[in-house]
Amino acid sequence: MKHFLSTETISKPDLESLLDLGDRFVEVLARPIPKVPALRGKTVAMLFFEPSTRTRMSFERAAKALSADTMSFSPGTSSLSKGESLKDTALTIKAMGADALVVRHKATGTPWRVADWTGLPVLNAGDGAHQHPTQALLDSLTIRRHFGTLDGLRIAIVGDIRHSRVARSDIWAFTTLGADVTLVAPRTLLPVDLEGWPVKTVDTIDDVLDGDVIYLLRIQTERGGASVLPSLAEYVERFGMTNERFDRLPEDSIVMHPGPMNRGVEISAAVADHPRALVEEQVANGVAVRMAVLLRLLGEEDVDV
Ligand code: NCD
């Protein structure tokens, strides 16, 4: 594996082997000294052109837990504000000795371009509404650790699918691993064309309350998500995970959310804090799967963790 850009073409064995490695890193991270020397001497650079709390810190934590060094770039305080191009920025960071680049950008395809320009291994940390593949890995690992497998599970992804790179990455990973995926969204928040997507769609969250996993998404106001809704109150009425709906879910079902959550909109505050809402496990597993991907891209073949 040279880059980690998308879940759309990754094979089931490759996904499973990354998840297996992720499981081992969950154990490593639970040790008193949660660190292994696997990437000593390597440098991972973070290029985040869009806001991020958990993804950026998670990649930093993952790199450091593998003993790699990290460098960080912040667009607001950089020479981008003097008009330096994305390409020159990427090449400058390469010239400083980065061994891999973690890239988030609002424009679809940016991580692929950075990969071409620099020739370095690139990890996509979110490009526009297109892909967010490490999110799909951490979600898959969280589900697999809970149920033992994704095979045959019924997973509903609810909310602003149209603007969601999380949905686009999760759909491919979940279905490749054998799950049955249903999308739940107002018409205006579904992609215009679902041709080729391995999913079903339904019109209200009430239709999926007998499933195994309810995966809630944020309305992406920064990408125009709220402007196509009549009102947030109506959204909650047909799509919100309220306390009353949560009580109707099967007892072994789980609720997930990639964060940041809008409590009271897609998820009630009480559900967000419920033990069967695995939001914090998702975040914790994010460090482990990012370690797995970094090791695969930068490590020796049979390194002992
Ligand atoms: C998501 C993102 O940025 O794509 N957040 C994340 O990485 N956990 C989802 C979102 O912003 O709603």
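Predicted model, so just to flag it, every value in this text is computed and none were measured. (Residues numbered from 1 in each chain as written. Predicted model: local features only at pLDDT ≥ 70, side-chain atom pairs only at ≥ 80, totals over all residues. Heavy atoms only, no water.)

Novice: I tried to follow the overall build of the chain on my own but got confused; where do I start?
Specialist: Along its length, the chain carries 10 helices and 9 strands. For a compact globule of 305 residues, the expected C-alpha radius of gyration is about 19 Å, and the chain comes in at 19 Å, within 12% of that figure. Reported as C-alpha extents along the three principal axes, the dimensions of the chain are approximately 55 × 45 × 35 Å. A burial count over the chain gives 55% of its 305 residues as buried. Considering only intrachain contacts with a sequence separation of at least 6, the fraction spanning at least 24 residues in the chain is 74%. For the chain, the exposed area adds up to about 13000 Å²; of that, 50% sits on carbon and sulfur atoms. Across the chain, 34 positive and 41 negative side-chain charges occur, with their mean positions spaced 6 Å apart. (Helix = DSSP H or I, 4+ residues; strand = E, 2+ residues; numbered from the N terminus. Rg over C-alpha atoms; globule rule 2.2 N^0.38 Å. Buried < 20%, exposed > 50% of the residue type's maximum accessible area, 1.4 Å probe, protein only. Contact = heavy atoms within 4.5 Å. Areas by Shrake-Rupley, 256 points an atom, 1.4 Å probe, with all protein chains shown as cover. Lys, Arg positive; Asp, Glu negative; His and termini not counted. Charge placed at Lys NZ, Arg CZ, Asp CG, Glu CD.)

Novice: Explanation requested: the site of the ligand in the structure shown.
Specialist: Neighbouring the ligand are Arg54, Thr55, Arg104, His132, Gln135, Arg165, Val166, Arg218, Gln220, Pro258, Gly259 and Pro260. Here an oxygen atom of the ligand sits 2.8 Å away from a polar atom, N or O, in the side chain of histidine 132. The contact in question runs from an oxygen atom of the ligand to an N or O atom on the side chain of arginine 165, over 2.7 Å. When isolated, the ligand has an accessible area of 320 Å², and the protein chains bury 94% of it. Within the residue set of the shell around the ligand, elements represented by two or more residues are helix 2 (54-65) and helix 6 (165-176). Both domains that meet at the shell around the ligand, namely domain 1 (12-132 + 283-298) and domain 2 (133-278), each give it at least three residues. (Near = heavy atom within 4 Å. Polar contact = N/O pair within 3.5 Å; in protein donor to acceptor, adjacent residues only side chain to side chain. Domains from an automatic or database assignment.)

Novice: Please clarify how the domain arrangement of the chain should be interpreted in this entry.
Specialist: Along its sequence, the chain is carved into domain 1 (12-132 + 283-298) and domain 2 (133-278). The C-alpha-based centres of domain 1 and domain 2 are spaced at 25 Å. In this complex, domain 1 contributes 29 residues to the contact, which on the side of domain 2 involves 26 residues. Note on domain 1 versus domain 2: buried area summed over both sides is about 2400 Å², and carbon and sulfur give 58% of it. Its largest share of buried area at the contact with domain 2, domain 1 owes to Leu19, Ala129 and His132, together 28% of the area lost on that side. Our enumeration of links across domain 1 and domain 2 arrives at 6 salt bridges. The partner of arginine 165 in a salt bridge is glutamate 50, with the nearest N and O atoms 2.9 Å apart. (Buried area = accessible area lost by both parts, 1.4 Å probe. Salt bridge = Lys/Arg side-chain N within 4 Å of Asp/Glu carboxyl O.)

Novice: What am I meant to see in the nonpolar core here?
Specialist: Note that soluble globular proteins tend to have their nonpolar side chains buried in a common cluster. Counting 86 residues, the largest nonpolar core has Phe25 and Ile157 as its most contacted members. Broken down by element, the residue count for this core peaks at 10 residues, all from helix 10 (residues 279-298). In terms of nonpolar packing, the next biggest core, distinct from the first, is built from 15 residues, Leu47, Ala90, Val114 and Leu120 among them. (Core = buried A, V, L, I, M, F, W, Y, C linked by side-chain atoms within 4.5 Å.)

Novice: Whenever I open this one, the packing of aromatic side chains confuses me. Can you help?
Specialist: Two measures describe an aromatic ring pair: the distance that separates the ring centres and the angle between the ring planes. Using the criterion set out here, one finds 3 aromatic pairs in the structure. Ring geometry for phenylalanine 49 versus phenylalanine 73: centroids 5.0 Å apart, planes at 55 degrees, classification tilted. Taken together, the positions of phenylalanine 49 in the loop between strand 1 (43-48) and helix 2 and phenylalanine 73 in strand 2 (residues 69-73) put the pair 24 residues apart, joining distant regions of the chain. Residue classification places phenylalanine 73 among the buried positions, given a relative accessible area of 10%. Seen from the ring of phenylalanine 59, arginine 290 lies directly overhead, with NZ or CZ sitting 5.0 Å from the centre. (Phe/Tyr/Trp six-rings, centres within 6.5 Å; stacked < 30°, edge-to-face > 60°. Lys NZ or Arg CZ within 6 Å of the ring centre and 35° of its normal.)

Novice: Looking at this model, I keep getting lost on the pattern of salt bridges. Mind explaining?
Specialist: Proximity of charged atoms lets side chains of opposite charge pair with each other. Under the defined criterion, the tally for this structure stands at 15 salt bridges. Aspartate 203 is the partner of arginine 187 in a salt bridge, and the nearest nitrogen-oxygen pair spans 3.5 Å. In this pair, arginine 187 sits in the loop between strand 6 (180-184) and strand 7 (200-202) while aspartate 203 sits in the loop between strand 7 and strand 8 (213-216), placing the two residues 16 residues apart along the sequence. On the basis of relative accessibility, which here comes to 58%, the residue arginine 187 falls in the exposed class. Among the ionic pairs, glutamate 244 bridges to arginine 248, the shortest N-O distance being 3.0 Å. Highlighted residues: glutamate 244 and arginine 248, both in helix 8 (residues 243-248), separated by 4 residues, approximately one helical turn. When its relative accessible area of 47% is taken as the criterion, glutamate 244 is described as partly exposed. A relative accessible area of 45% means that arginine 248 is categorised as partly exposed. A cluster of three or more residues bridged by salt bridges with shared partners is formed by Asp20, Asp23, Glu27, Arg144 and Arg145.

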